[in-house]
Structures are given as structure tokens and as C-alpha cells.
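# Coordinates in review
Chain by chain, the residues:
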Amino acid sequence: MSTILKSLGFEKHTPYVRDYFDNVNMRKSIYMSAIIIVLEIWMIIRLTRTIFREHLQSNFWHYFEKYYSNYIILLTMGFIMLLCAIRYLRGKLKCRNVLVITKYVFMVVCIYFGIKVSLNDYKKGEQILTFLTMELFSLCLLTWRPYAAFLISGVSFLYFYYRMDQMVALNRIVLYNVNDTGVTEATRINFFFMWISTIMVCIANYNGIRAQALKAKNLQEINSYLSKLSVEDELTGIHNMFYFRNEAEKLLNYVTTDKENVVFLFFDIENFKSYNEKYGFHTGNDLLIKIAHMIDDAFKGSLVSRFSDDHFVVLTHFDGIKSTIGHLSGEIKKLQKEVHLELKCGAYKPIGDEADVSLACDRARFACNSIKKHYDRTFRMYDKTLEDRFQLKHYIVNNIDTAIENGYIKVFYQPIVKTENGEVCGLEALARWQDPHYGLLSPGIFIEILEEYRQIHKLDQCIIESVCKDYCESISNNKPFAPVSINFSRLDFELCDIVGFLCETVEKYHVPKEYIDVEVTESALTDQQEFLPSAIKKLREFDYKVWLDDFGSGYSSLNVLKDYHFDVLKIDMKFLSGFNNNEKTRPILENIVSLTKQLKMLSLTEGVETKEQFEFLASIGCDRAQGYLFSKPVPIEDLRKKIENSELKIAREYCN
């Protein structure tokens, strides 16, 4: 029922649909009024020529009253309708009531003219084409709601039929002295069908244009939504990076911009991840929205955008930013609950004609990252020190592939010994970058950068390949080689099939699986990544031993032990840092070692630097130890020399 009522026009139009109908009607009115203007001018010219040709000037007023007046009225109405339509489409006619009244008057004049002319024609025995033409013009070319078209056409058809019926009856009485009902049954039926056909055309016309209007409205809404998405961050409602980059580039290229006073700011909400974990993502999103608008309000008139996650960027004037940031930091601290939130801000001032927005944001971000975990600092300006580190960072990212290809990535091995006899029972593979430009780069420099730029899997695949090659070369030359533990990053499992790569490489170089162990850090397992449990399970199914690295460095260690099964528990070196001064160190270590035995794991403590520490570990039953007391990480050639010089004694089972 609802669909039928809508198809008949019994619905309230939205402003967009209403305007769409008005536009369609006005465009059609231009053609319709133009045709009427041309026809009426032609009729006036034609009638005037007839009067002069047949010398009927004496009857001019008769012709004026009967014909000219009608032509002039219709011609005038055509001009008014044409002018009104053109002005509306050009946006110069703002009052819709004027438009509606003009359309109604135009329709009435057209239908009246059609009735009058067709009755004249019918009197002479001719067709009623003018009436039908004007009906179709007025009701079908102009789009009316079907119920309105029904009423208008019904009244006009009934009136025309009534006049026509009277005319036929009068003719029959005068000519044939016959008093009957007027028009024949066939004429009535034909007339009814003409009216029904007109109504059907009106309904079809209305619903066709209505469908087009709704389709156009939907497209406009979609385009509006997409346009909004292209400049607005979906979550927070402030600008996104697409808008920020475009507008920032324009601003930097304006001649009037005071470039000496322009600064890029990068904001990071420290501990926001912990806030999400404690209170849930919904609460976290609410907080993020609030903070986004606080930053936006604090830098009114500046470019403010959400960079990603809990990061924001601002392009503003340098003057007064420190006080603004300080105030903003204080306001954000008021929003924290049990989780401590800290606003960190890095800043970068473009030099000269620099206009690379992405690079500027990257440098401001680098400055921000440099003060993370420094709770006494909120703001850091990008300077020469950071520039050198930044250049190194980009060098590492851009040259990791070249370094692997040219053999700049080296594997250094650090021995792992048994506490019962001090013999080497294993090795840890550690990456070093021997760069021709920067010299020897330690993993503390490049591993974090490769993880940030999601290229760490390239390094770890290179280490796997190098370890397998070293094993193969050692066996071929009858050199001793102990099992090697390789560190896997959490991102390795996400960025590539690291387990599949390990299996393929081990098989390629014919390395026994008992010679390769995998170390996974505790922090990786507390990130709640769904793919990690299945990956670790797969490693164990393929007979690889899995170690838990850095145990005790985080806050969820016991949960990790509960949820996963490991072969070796590697105790973080931090436990030995206060060995001589902290009385709690020894009982904690003793209890951890006892726990590993209960869980049927081997215990390994790293960071052993003194004989006293080593002897203590042996006394409490710790199975293995690693540290500078035995050896720093060294290339395999140096490791072999240490073994040959009896500085290190390798366990008998690993000697050829």
C-alpha cells in the first residue's frame, strides 16, 4: 500500500528531490514555452496575412477578440514562463512560490487555449488535437504529482466532454430535429481511453523522474561521504593526512607565508596502548576523540590532523608553542585514570625553501620518539644531533637490501655454557652490520629501525641463511659447531612465513633441526597477536626448540608461562645488574630457576660478567649461562680461535 501511495505522489519530498523536480520542470518549460512562442508568432503572422490577402481589415476587431487576444495571451504567458525558467536555472530566482504560481498559470492558460481551439475545430468537424496536445504539454512534459495530474486532467476532460456533448446535441436538434443524448457510445469510450492514457503517462513520467531523483540523491550522499572521508578522519572528525599534506604544501609554497615562523609538530599519547588494554577500545576511542578536539582547539587557525593511531600532526606558528603544549599536556593528564598518560611532542622547523611535508612530519616524529620513556620531557626540537641519527635511520631503511646482497650483514656468535662444567653447549646468533660508510653498526641501532619500517624479516631471513651456511662450512671442514639460537621478531610471523622459510633453509643446507633453536621475546607474546600461538605450535610440531627470551623484562611473564610451552627460559640480564647490592636478587633468581624445573624447562641466565655470579647460578641449579665472562659476541672465525686456544671448551658431543 505504501508503494502505491508513493507512486501516486502521496509522499513528502526531501528538499533535494523537490529541487530535482523543479529543475526538471524548468528545463522542460524552456522547450515548451519556446515552442509555444514560435507557434503563436506563426499563428499571428498567418492570421494577419489572411486578413490582408482577403481584405478583411474591416473585421479586425472581430478577429482580435476571437483569435488575436488568445494568441497574445498565450504568447505573453510563454515569454513569462521562459524568463522564469531561465532565471531559476541560473540561480537568480530564489522565491519558489513565484515559480509554482507561474507554472500553474502557464498550465491553466495552455489547457484553456487547447479547449477553446479544439471546441472550435470540433464545431467544424475537425479533430481535437490542440486540446490533446495542450493536455500532454501541461501534464506530461511538466511533471506533476500523479494525484494532482488526475485532478487537473479530470476537471479539464470533464469540462471539454460536457461542452462537446452539448455541442453535438444542439447540432442534432437544429439540423435533424432529433433530441437524443449527444455523443455516441464509441466517442465516450475513446474519450475515456484518452484520459486514462494521459493519466498513465503522467504516473510513468512522475515515477521515472522520482527514481532518477532518488538515484541522484544517493549518489550525491555517497560522493559527499567519500569527499568527507578524503579530508576528514573517520574516527575523530578532524582532518586526515590527505588533507593535511595537500594544504600544508600549498601553505609552504605561498609567497605570503612567513617560513621562518612555521613549525611542524608531532604528538604522541604515551601509554595509550595500555589505556586501551585496560579500559577497552570503545573507551579508548572516546578518549582519542576528546584529545583530538583538544589539540584542534589549542591550535585554532592552524592545520591539525590525525596522523595515525594516537598520533597527531600540526602545522602552526612557532611563537608560543611551548606554553600551548605545556597547557595541553596538563589538560590531557587530567583525563587519565589508573593508567598514566603522557603527551609527547616533537617539532621540526623547515629550513629555507623546504616543502616536503612527509619528510617534515617524519622528522618531527623522530624528535618525538627520541623523548619517549623520558617522563621528565614533553617537548623536543629536531636538531643537528637528531639530524645525524635521522640520516642514519634513513640510510638503514634504504640500504638493508644492498647490505644483505653485498654481505655487509654479519653473524656474531655469543657462547652459551653449561653451569656444571663451563663447556660451550650452544651459541646465540646476533646480527652486526659492517657498513663501508658507517663502519660496524650494532643491533641496538638498526633492529629497532627495521622493525619500525617493517623490514626486520629481511634481516632475520639473512641470519637464518648465514647460520645454516656456517654450519655447513664447519661440518665440511671438520670444525666444531654447537646448536644456535636465532632471535625471531614478532613481525617475522606477520610479514612473512618465517617458519616455512626456516624449514626450507634448514633442508637446503642439510642442517639437523636439533642444531637450530628459536628465541621469542616475552614482549612479543604479550601483544596478543592471534597468529603467534599457532606459529609457535607449528615450530614445535616441526621439532624446533622454542625459547622464551628476556623473561622478567615485562609485566606478564607468569601468564606467558601459563599459556605457552617453552623448552628454555632465558632470564633477563637485568636480574644480575644488582647482584652485589640488592638482597632480593638471589632469592628471586633461585625461585625462577626452581619454577623452570617444575615446568620441565631448562633455565638460562644472560648477562653473567663475574665468576661469583656464575658460581651462584650453578649453586641454585641454573642449567646454562651466557655473558661477557665467557665471551662477547664474535665472528665465527674468532670463536674458532678461542676454541683452538682453549679459551672456550666446546662440549664433546659437538666436536667432530
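If you're wondering where the values come from, they're calculated on a predicted model, not measured in any experiment. (Residues numbered from 1 in each chain as written. Predicted model: local features only at pLDDT ≥ 70, side-chain atom pairs only at ≥ 80, totals over all residues. Heavy atoms only, no water.)

### Remarks on the sheet that holds strand β2 (residues 303-308)
Note the cut-off: Criterion used throughout: strands pair if DSSP finds at least two bridges between them. Helix and strand labels come from DSSP, where a helix needs a run of H or I of at least four residues and a strand needs a run of E of at least two; each type is numbered from the N terminus. For every element, the axis is a line fit to its C-alpha atoms; helices are fit only across the contacting stretch, and the angle between N-to-C directions ranges from 0 to 180 degrees. For this analysis, residues touch if any pair of their heavy atoms sits within 4.5 Å.
The five strands lie next to each other as β2-β3-β1-β4-β5, forming an open sheet whose pairing is mixed. At either margin of the open sheet sits one strand with a lone partner, and together these are β2 and β5 (379-381). Taken pair by pair, the neighbouring strands of this sheet meet at an average axis angle of 20°, ignoring direction. Examined bridge by bridge, β2 and strand β3 (residues 311-317) share five bridges and lie antiparallel to one another. Paired with L303 across the two strands is L315, which belongs to β3. Against the sheet, helix α10 (residues 281-298) touches β1 (262-270), β2 and β3, its axis set at about 5° to β3.

### Structural notes on the environment of F264
Relative to the assigned elements, F264 resides in strand β1. As for F264 and I449, which are separated by 185 residues in sequence, their C-alpha atoms are 22 Å apart. Excluding residues that lie within four positions of it along the chain, F264 makes contacts with F244, L252, V314, L315, G346, A347, Y348, P350, V357, A360, C361 and A364.

### A closer look at the packing of aromatic side chains
Put simply, the rule reads: Ring geometry is summarised as follows: Phe, Tyr and Trp rings, the Trp one being its six-membered ring, pair when their centres sit within 6.5 Å, and such pairs are stacked at plane angles under 30 degrees, edge-to-face over 60 and tilted between the two. Think of it in three bands: with a 1.4 Å probe and only protein chains considered, a residue is buried below 20% of the maximum accessible area for its type, exposed above 50%, and partly exposed in between. Consider the ring centre and the ring normal. A charge sits over the ring if Lys NZ or Arg CZ is within 6 Å of that centre and within 35 degrees of that normal.
Tallying each qualifying case throughout the model produces 21 aromatic pairs. Ring geometry for Y71 against F113: centres 6.4 Å apart, planes inclined by 55°, an arrangement best described as tilted. Residue Y71 is found in helix α3 (residues 60-89), and its partner F113 is found in helix α4 (residues 96-123); the two are separated by 42 residues along the sequence. Given a relative accessible area of 8%, Y71 falls into the buried group. Classification of F113 as buried rests on a relative accessible area of 9%. Judged by centre distance (5.3 Å) and plane angle (50°), the rings of F150 and W195 are tilted. With F150 in helix α6 (residues 146-176) and W195 in helix α7 (residues 185-231), the pair connects residues that are 45 residues apart, well separated along the chain. Residue class for W195 comes out buried when judged on its relative accessible area of 16%. Aromatic ring contacts, followed pair by pair, group Y348, F366, Y382 and F390 into a single cluster. Its end group placed over the ring of F318, K349 keeps NZ or CZ at 4.7 Å from the ring centre.

### Here we look at helix α12 (residues 357-369)
Rules: The span you would expect from a helix comes to 1.5 Å times its residue count less one. A 3.5 Å cut-off defines polar contacts: any pair of N or O atoms within that distance qualifies, except that in protein one atom must be a possible hydrogen donor and the other a possible acceptor, and neighbouring residues in sequence count only when both atoms are side-chain atoms.
The terminal C-alpha atoms of α12, which comprises 13 residues, lie 18 Å apart, in line with the 18 Å expected from a rise of 1.5 Å per residue. Listed as buried for α12 are V357, A360, C361, D362, R363, A364, F366, A367 and C368. Where α12 starts, the residue carrying a side-chain oxygen 3.3 Å from the main-chain nitrogen of S358 turns out to be D356.

### Considering unusual backbone geometry
Phi is positive for N478, which is not a glycine, with a value near 55°. With respect to the element layout, N478 can be found in the loop between α15 (456-476) and β9 (484-488). Taking relative accessible area as the criterion, N478 reaches 60% and is therefore assigned exposed. In this structure, S646 is a non-glycine residue whose phi angle is positive, near 65°. Relative to the helices and strands, S646 is located in the segment after α24 (636-644).

### Observations regarding the pairing of strand β12 (residues 568-571)
Residues V568 and K570 line one face of β12 and the alternating positions L569 and I571 line the opposite face, and both faces are buried. Note that strand β11 (residues 545-551) and β12 share three bridges and pair parallel. Residue pairing in the sheet places F551 in a bridge with I571 of β12. Of the pairings in the sheet, the one linking β12 to strand β13 (residues 602-606) comprises four bridges and is parallel in character. The partner of I571 across the bridge, within β13, is T605.

### Focus: the environment of K28
Mapped onto the fold, K28 is located in helix α2 (residues 15-53). Judged by relative accessible area, K28 falls into the buried class, the value being 18%. Separated by 113 residues in sequence, K28 and L141 place their C-alpha atoms 6.5 Å apart. Ignoring any residue separated from it by four or fewer positions in sequence, one finds K28 in contact with C140, L141, T143, N205 and I209.

### Some words on a nonpolar patch on the surface
To keep it simple, the criterion reads: Each patch is built from residues lacking any salt bridge and having more than 30% relative accessible area; the joining distance is 9 Å for like charges and 5 Å for nonpolar side chains (Val, Leu, Ile, Met, Phe, Trp, Tyr). Residue exposure ignores everything except the shown protein chains as possible cover, and the areas themselves are Shrake-Rupley values with a 1.4 Å probe. By convention in these notes, a salt bridge is any Lys or Arg side-chain nitrogen within 4 Å of a carboxyl oxygen on Asp or Glu.
Together, L5, F10, Y147, F150 and L151 make up an exposed nonpolar region whose accessible area comes to about 470 Å². For the nonpolar patch, the element with the most residues is α6, which contributes three residues. Note on placement: L5 falls in helix α1 (residues 2-7).

### Focus: the nonpolar core
Basically, it comes down to this: Here, nonpolar core means buried Ala, Val, Leu, Ile, Met, Phe, Trp, Tyr and Cys residues that are tied together by side-chain atoms lying within 4.5 Å of each other.
Ranked by internal contacts, the top residues of the largest apolar core, which has 86 residues, are Y413, V467, I486 and L502. With eight residues, α15 is the largest single contributor of residues to this core. Leave out the neighbours within four places in its chain, and V467 touches V411, Y413, A429, F481, V484, I486 and I516. Membership of the second largest hydrophobic core comes to 48 residues, among which are I36, I51, L119 and F157.

### A short note on the confidence of the model for the protein chain
Applied cut-off: Scored from 0 to 100, pLDDT reflects the predictor's confidence in each residue.
Counting all residues, the mean pLDDT for the protein chain is 85, and 92% of those residues have values of 70 or more. In the model, residues 169-180 has pLDDT below 50 throughout and makes nine contacts with residues more than four positions away in sequence or in other chains.

### Thoughts on the side chain of E428
Following the sequence through the fold, E428 ends up in strand β7 (residues 424-435). E428 sits in the buried class, given a relative accessible area of 6%. At 2.9 Å, the side chain of E428 forms a polar contact with the side chain of N487. Among residues more than four places away in sequence, those in contact with E428 are F412, Y413, Q414, I416, S485, N487, E519, K570 and Q626.

### Digging into helix α11 (residues 321-333)
Working note: α-helix, 3.6 residues per turn, so residues spaced by three or four point in the same direction. Convention followed: In this description, the arc belongs to the directions extending from the helix axis to the C-beta atoms.
Between its first and last C-alpha, α11 extends 18 Å over 13 residues, near the 18 Å set by a 1.5 Å rise per residue. Here α11 has its buried residues at I321, I325, L328, S329 and I332. Down the axis of α11, the smallest arc covering the buried residues is 105°, so these residues share one side. The outward face of α11, more than 90 degrees from its buried face, is lined by the exposed residues S323 and H327.

### Considerations on the environment of T585
Looking at the element boundaries, T585 is found in helix α22 (residues 585-598). Judged by its relative accessible area of 7%, T585 is buried. For the pair T585 and F575, spaced ten residues apart in sequence, the C-alpha to C-alpha distance is 6.3 Å. Beyond its immediate stretch of four places on either side in the chain, T585 contacts F575, G578 and F579.

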